[in-house]
Every structure is written in C-alpha cells, then in structure tokens.
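Geometric and topological summary
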Amino acid sequence: MTFLLRRPSALALPLAAAFTMAPALLAQQHHAPAPAGEKQTTTVTTEPAKPAAPSAVVPDAVSEGSVTVGGKKIDYRAVAGLITVGANDTQDATIGLDGRVLPEAGVDLPAKVEDQPATARIFYTAYFAKGADPATRPVVFIYNGGPGSATMYLRMSSIGPVRVELPDLQHPFGGPYKLVNNDDSLLDVADLVFIDAPGTGYSRVQGRDAMKAFYGIDEDASAFDRFIRRWLSKNDRWMSPKFLFGESYGTTRDAALSRKLQQSGVDLNGVVFLSQILSFQNSADGSDRNPGNENGFFLALPSFAATAWFHHKVPGQPATLEPWIHEVEQYAVGEYAAALLQGADLDPAKKAAVAAKLESYTGIPASLWVKANLRLSGGEFSKYLQESAGITTGRLDSRFEGPAMDPLSKESDYDPFTESIESAIYAAQNHYAHATLHFGDNMTYKPSAREPGFNWNMRNGRGQANVMGDLAYTLKVNPKMHILLMGGYFDLGTLYFASEFEMKHLQIPAELQKNIDYKFFPTGHMVYINPDARKALHDKTAAFIKGNEDATK
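Throughout what follows, the structure given in this document is the object of discussion. (Residues numbered from 1 in each chain as written. Predicted model: local features only at pLDDT ≥ 70, side-chain atom pairs only at ≥ 80, totals over all residues. Heavy atoms only, no water.)

The general pattern is negative phi for most residues beyond glycine and trans for most peptide bonds. Here Gly175 and Pro176 are connected by a cis peptide whose omega angle stands at 5°. Relative to the helices and strands, Pro176 is located in the loop between β5 (162-164) and β6 (179-181). At the junction of Glu322 and Pro323, the peptide bond is cis and its omega measures out at 10° in the coordinates. Topologically, Pro323 is positioned in the loop between α6 (295-310) and α7 (324-342). Positive phi values are uncommon outside glycine, yet Leu169 reaches one of about 75°. Structurally, Leu169 can be placed in the loop between β5 and β6. Of note in the backbone geometry, Asn373 takes a positive phi value of approximately 60° without being a glycine. (Helix = DSSP H or I, 4+ residues; strand = E, 2+ residues; numbered from the N terminus.)

In this section: the nonpolar core. One finds Phe227, Trp231, Tyr336 and Leu471 to be the most contacted residues of the largest nonpolar core, which totals 103 residues. Tallying contributions element by element places α6 first for this core, with 10 residues. The contacts of Trp231, once residues within four sequence positions are left out, are Ile83, Tyr124, Ala126, Phe128, Val139, Phe141, Val193 and Arg237. Counting residues in each nonpolar core, the second largest holds 59 residues, with Val162, Phe194, Met526 and Ala533 among its members. (Core = buried A, V, L, I, M, F, W, Y, C linked by side-chain atoms within 4.5 Å. Buried < 20%, exposed > 50% of the residue type's maximum accessible area, 1.4 Å probe, protein only. Contact = heavy atoms within 4.5 Å.)

Relative to the assigned elements, Ser248 resides in the loop between β9 (242-247) and α5 (249-263). A sequence separation of 105 residues divides Ser248 from Tyr143, and the C-alpha atoms of the two residues are 9.3 Å apart.

Looking now at the pairing of strand β4 (residues 139-143). Among the 5 residues of β4, 5 are classified as buried, and the element is accordingly described as predominantly covered. Side chains Val139, Phe141 and Tyr143 project from β4 onto one buried face, and the interleaved Val140 and Ile142 project onto a second face that is buried too. In the sheet, β4 pairs with strand β7 (residues 191-195) via 4 bridges, with the strands oriented parallel. Looking at β7, one finds that Ile142 is bridged to Phe194. (Pairing = 2+ DSSP bridges.)

Looking now at the packing of aromatic side chains. Within the structure shown, the criterion is met by 27 aromatic pairs. Aromatic pair Tyr143 and Phe224: ring centres 5.3 Å apart, planes at 75°, arrangement edge-to-face. You can see Tyr143 sitting in strand β4 and its partner Phe224 sitting in helix α4 (residues 217-235), a full 81 residues away along the chain. Side by side, Tyr143 and Phe224 carry an identical accessibility label, which is buried. Between Tyr215 and Phe454, the aromatic rings sit 5.2 Å apart at their centres with planes inclined by 45°, giving tilted as the arrangement. Remark: Phe454 occurs in the loop between α11 (416-435) and α12 (468-477) and Tyr215 occurs in the loop between α3 (210-214) and α4; sequence separation between them is 239 residues. (Phe/Tyr/Trp six-rings, centres within 6.5 Å; stacked < 30°, edge-to-face > 60°.)

Structure below.
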C-alpha cells in the first residue's frame, strides 16, 4: 500500500478518509504485579531518581500453525515480537537484544523518556518452517511502504500463511471477514519476516526528536538496517540466503536499505520490488508542480491507456491489452515525449495531432488534451475518464470505480480502491494478532504513523527523493545480487512503465542489466487482490528465490 502523493510538495494519504490522526502513544511500561495476597503500593521519595534503562520489550509471542501450498502441508513456528534499535550505530551498540541498555556500556540515561536518545521498538512477525536447515534456508524481510504505512497489507492478503478473503473489483460486506489458508504463501521456499516500520503497527518511537530520528528516506533505511542485523543475531541466521521484499514506498526503502546493508557488511541474494517508485519525479503526479520535468506525463500514458481499455473508453478498442499496450509505450517515449520536450516551440498543428493520438489511446477528448497543454496528472485523469457518468476512477487500482464526491472538482478527491479494501485488512490484522499470534493485548495497532508532528524527510543525502543511485551502488559492489521487478498495468500511484524506465536508466554496466527480471500483471497496485495474479506472483517470486538462494552461482 502506498501513501504516495498526488502533489510532490506534500505527502497526502490515499486512505485519508479511513484514518484519523491520534496523539502519539507512549511506549508502554510493564511492571511486575504484587505477589498474591499482598497489597500493591507506590513508594514516593524526595530523593532524585536514578536514571533507569528503558523497560524490556514485550516478550515474544510464539505460536504454531500449518499452511498448505501447492498441495503440500508446511508446519511452522510463528514469532511475534519487538526489537529495539537506536538512532545511530554508536547508540545502537549500547542496547542489548532484550531492549535494555547494556550494563557494560556505562550509559546514564536522563530520567525522562523524552530526554533520552531516540529509539524505535519495531514490531515483526516471523514464520519459520519446521524441519528446515536454518543455515541454508532463505529468509525474506517483507514490508509495505507509505511512507508511514504498516505492513498489514502484505501480511494479511498476499504471501503470509493466512489471508483475508477479498473480492476482486468489489467493496466487501462488513464483518465478519473470513481468514483462510493462503495457498500462495512463500513459506514453501523461505522463512518470512514481516516488519512494521517505526511508528506503525505495534512499532513505536520515543526519545529526543524521535520522529526526526526515524522519519525520512535515510533515517528509515538505517532503522531497518539495524533491525535486520539484530534479527539475524537474535535468530542466528547470518549464514542464510537473504532477500528483501518491498511494496510501493517499500521499494524506495529496498533501494536505500540494500545500500545500507551492503555498507554494514550484509550481502543480499536478491531484492523484490513490487509496485516500484525510486524517483518521485516519475510518478503520475510528480511533474505537475515541477515545471520542466516531463517524465511523469509520458511515463503515465501506458497506464492511462490500460485504464481506458479496461473501462471500454478506447475508440476502436483492441480485443486484448497486449500487445496494444506496448504500442502505447513506444509512442509515449517517442513522439509524445518529444512533443512535450519542445515546450513552447511545439507547432500548433503538431500539438493537435498529438492530442488526437492521445484521445485514441485514452478516450479523453483531444480538446481537453489541448486545453491541458498535453499534460494530465493522474488525479485529473481519474476525474475526467468517466466524468460524464459521474464516476471517479480508482488511483492505486484503476479497475475500481465509485461515485464522484464533487462533480466540480479539478481532480478525483478519493480513491475507490483503498476505500474498498482497507477495513477488511485492518480488521483481519487486529483479530489475527490477538486470536492467533497472541500478541498486542492492551496495545493499539496503528495502520499509519501519520499524526501531529509527522514530517517525512524526502531528501536522502543527495537533495532529492531519488534512490536510483543507491540501487546502482549496491549492484556494482555486489554483482551477484539479483532483482525482481513486478507491478500492475492499472496502477496510477506507482506506474509500471516508470518502474521499468528507472531500472533501465540505472547507472550500471550493461552486463548487470541481466540481473534484473520483470513481471507485470493486468491488476493494480496490490496485484495480489486478484486470485490469478496472486498465484502468478507467488510462482514468479518462488522461482526467483530458488534461482538465487545460492550466492556462489
């Protein structure tokens, strides 16, 4: 799931209607109860309190289960827990795996939590297949994006051992929702670790300038780097083949994190990018307030065309999406991009001809394309595609549609897709954590970190939200690492064609391009909502893991 913006100047929620921002929750303190028969008392003293180490994290919750994948039953052990990380490596080294400051570190903490160095307690759910050799068994670290989104989407509806049933293209009825065996779980090929980013799910940040310490491209990647290294130590999995699996902004994290891990001494076998965005100027809305950058406009055209095709808005509609969509791709990077790059020098007759061609691909009238100077943002396209019927087209999955909220708005003002799937996944996550994992009693699961004070630092040490250089660095210093890029044709939030464009413009030697594999689906952002795509995603990812679990190849 993504919180990616329609405007590059602010981080807007596509789930804004579903979330209300609550005050930041304090990390819970756990105290031992008084012995039976004794009265619980509180001692008050006038002497200065001795600074105390942070309380230990909530104990891990261990449970067992089984999942059937491809007709084969897999027994597993599930561990739900919290791992504490510091805001920098020096501080991190003073914290034990139990979350307490190490006695030998000689650190005296201020008495007030808000004055202590910032820390993040990160929630995870790990699944270990029984009977597997941990030294050779691959492990995959999995996360959603946002930024500021919990990993309940991937955990509860894609590749975990259970999933909530969601009807494709429909808003489900309210509860009770149904949790079922996930035939497409990746537990058949790897152990799985689902991670909630700091401030999301049951993860919490605390201490001095805690949000500033963990909310940003580099800050977030550093926290995940420290979490993964701590997890490997805690579970003695340093020898295992290691993979990352990120969705949406999680792919931005993939790139930045792969570099952090590499610099920390962790070679990766492979990285999965699902619904990718590495350079934010390449989004369907990234060029709208960035004059002179045309990438977002021409890279969005194939997804606009695919969406128009799905809703039967294409004049002389082709019978199948492919190979027609590849014709649109060639026009987008050819004649359309060239016309945009001419700016004010574009001949009026040529402009009219391009507008007519755009109408033939999208069904949006040529007159509107001319009025928009051949440039429509994703939000404008979602507004105008079915405007005559009073319908808003989905953003993250443009196969979805719903009634327009404001017929006079310039852009679509909500996303029918996210409104359709959010409640079921959130309910399933809460029920599953309590009833099956036996974790989270008296705790609030936060689907979003966005609350008063939230401000994500989009500058990653190079002055712009672009992590293509991070991924290129990792590929060059670790040429055995492989990449699997997947996405959906009907995703207007993270464009499939832009993700391919990014991979093919990495500053890497030509021979390293063979390390990158591609798979696109006739679905949207969360490709696994569709049953056929979910199985295909499993099969492609499982083959990728099996093909790259031996780094000596």
